[in-house]
Amino acid sequence: MRILFSAVPAYGHALPLVPLMQAAVGLGHSVGMLTSAGFRADLGEELPVEVELLEAGAMPGDFSEDAARRTGADVFHPTPPVIGEIFGGSRVDLAIDESIERTAAWGAELIIAEPFDAVGPIVAARLGIDWHQAGIGPAVPAVIGDEIHRVALARYERLGLEPVAVSSYIDPCPPLLQDPDWSPTTAVRPVRPQAHRRSKDADLELSGPNDKPTVLVTLGTIFSDPDTLAATVAAVADAGVNVIATIGSSLRHPTEGQTFSEPDSARVQYVPFVPLAQLLDRVDLVVGAGGVGTVLGTLVHGLPMVLWPQGADQPINAARAASSGVAVIADSADEIAGAVAVVLGNGAYRERAQAIADEIAVRPDPATVIAEITNPWP
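From a predicted model like this one, the values you see are computed outputs, not experimental measurements.

Undergrad: Can you explain the overall build of the chain? Please cite residues and give values.
TA: Assigned secondary structure in the chain consists of 16 helices and 13 strands. Against the compact-globule benchmark of 21 Å for 378 residues, the chain has a radius of gyration of 20 Å, which places it among compact chains. Along the three orthogonal principal directions, the C-alpha set of the chain runs to about 60 × 45 × 40 Å. Looking at the chain as a whole, 52% of its 378 residues qualify as buried. When contacts within the chain are restricted to residue pairs at least 6 apart in sequence, those whose partners lie at least 24 apart make up 69%. A total accessible area of about 16000 Å² is found for the chain, and carbon and sulfur atoms account for 51% of it. In the chain, the 23 positive side-chain charges and the 47 negative ones have mean positions that sit 4 Å from each other.

Following this line, the structure appears as structure tokens:
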């Protein structure tokens, strides 16, 4: 079968789909990914080599800027209607014609789209094929999902299409992190999430003192400006631990005049983008912003967290992690050192994280889920 994955061109949206892609390839399916041409270089080694890229549409900066012009809103702190315009309006308008053309030419027979992707479902409606939605973390709150769908409806109408009902929802989120008010409207297929890892580990040399716990600092790929990262790393270092810190996309691709200086400390090491799983193998605690990929990947490895949310859905994810007993929330850089000391000093956080890791481990693996959706229930 020819299975097409469709995702917003950003790591947090695309990388959670990789285990499903790997499983589909392993089962002998032809696999494609529909995303922006501007994302090709960033994807690089992150996808299985067998995956074909179908390039269509704009990058997040472009469609977010377009949505900002339309709404006059701050897209980094958006309301649900603005989120709807970003993903159901601007992104679709800048991608849909190319997406339909390329998908039809490729011959897709099934589409798997992540929850913020409104392009894949419209393409499925145009081609008359089934589609499934694959979660990338806790279910998107209904108020947001409904807004994306509401705005996208005008695009269906423009194309003379009726929406095709989603066939199932592939859920990677353990129950204790799931939205307690979530009421799924389709069949739910649990799947075992995985922290992102390439088929071959990146070359990575880490050295330094090993007499203290090691803490990973990762703010993800969006909220990674130099001042926030530097303040976070300094605060963690003040807790007297070893620090591994990842450099986010804003620092890998700096704007004019943007500089970044690493601290003069043998206990602090910065690394470029490295798949999360490879770093989690080496640490005792994760300090992050609360992105879904970081939270789920960290729990897969049974590690506790300190979370300083920066925006988007991070406050929600952080609150659920904290209520599950696996994380402490910091409201500023000044609170991070104390939070790190609390989590490292109280084994209950690590024990609770390991208990959730054990729950995750018994969920169906991605290959089982792909086999189910390519051989539907009778």
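What follows continues from the structure just given.
Undergrad: Kindly report on the sheet that holds strand 11 (residues 285-288), identifying the contributing residues and their values.
TA: Taken in spatial order, the six strands make up an open sheet running 10-9-8-11-12-13, and their pairing is parallel. Both outer strands of the open sheet, strand 10 (268-271) and strand 13 (327-329), are each paired with one neighbouring strand and no more. Taking each pair of neighbouring strands and ignoring which way they run, the sheet shows an average axis angle of 20°. Bridge analysis of strand 9 (residues 242-246) against strand 10 gives four bridges, and the strand direction is parallel.

Undergrad: How would you sum up the nonpolar core? Please name residues and give values.
TA: Counting residues in hydrophobic clusters, the biggest one holds 40 residues, and the most contacted among them are F87, I96 and F116. What I96 contacts, discounting residues up to four positions off in sequence, is V119, I122, V123, R158 and L159. Formed by 27 residues, the second largest nonpolar core is a distinct cluster that contains L20, A24, V25 and A134.

Undergrad: How would you summarise the sheet that holds strand 1 (residues 2-6) if you had to cite specific residues and measurements?
TA: With parallel pairing, seven strands are arranged side by side in an open sheet as 3-2-1-4-5-6-7. In this open sheet, the two strands that pair with only one neighbour each are strand 3 (52-55) and strand 7 (188-190). Mean inter-strand twist for the sheet, computed between neighbouring axes without regard to direction, equals 25°.

Undergrad: Residue-level account of the packing of aromatic side chains, with values.
TA: Summed over all chains, the structure comprises four aromatic pairs. Plain terms: the ring middles of Y169 and W182 are 5.3 Å apart, the flat faces sit at 65° to each other, and that makes the pair edge-to-face. Here W182 lies in the loop between strand 6 (169-171) and strand 7 and Y169 lies in strand 6, a separation of 13 residues in the sequence. Using a relative accessible area of 25% as the deciding quantity, one classes W182 as partly exposed. Three or more aromatic residues link up through ring pairs in this structure, and these residues are F63, F87 and F116. The ring centre of W106 lies 4.3 Å from the NZ or CZ of R2, which sits over that ring.

Criteria and thresholds
- Residues numbered from 1 in each chain as written.
- Predicted model: local features only at pLDDT ≥ 70, side-chain atom pairs only at ≥ 80, totals over all residues.
- Heavy atoms only, no water.
- Helix = DSSP H or I, 4+ residues; strand = E, 2+ residues; numbered from the N terminus.
- Rg over C-alpha atoms; globule rule 2.2 N^0.38 Å.
- Buried < 20%, exposed > 50% of the residue type's maximum accessible area, 1.4 Å probe, protein only.
- Contact = heavy atoms within 4.5 Å.
- Areas by Shrake-Rupley, 256 points an atom, 1.4 Å probe, with all protein chains shown as cover.
- Lys, Arg positive; Asp, Glu negative; His and termini not counted.
- Charge placed at Lys NZ, Arg CZ, Asp CG, Glu CD.
- Pairing = 2+ DSSP bridges.
- Axes fitted to C-alpha atoms, helices over the stretch in contact; angles between N-to-C directions.
- Core = buried A, V, L, I, M, F, W, Y, C linked by side-chain atoms within 4.5 Å.
- Phe/Tyr/Trp six-rings, centres within 6.5 Å; stacked < 30°, edge-to-face > 60°.
- Lys NZ or Arg CZ within 6 Å of the ring centre and 35° of its normal.

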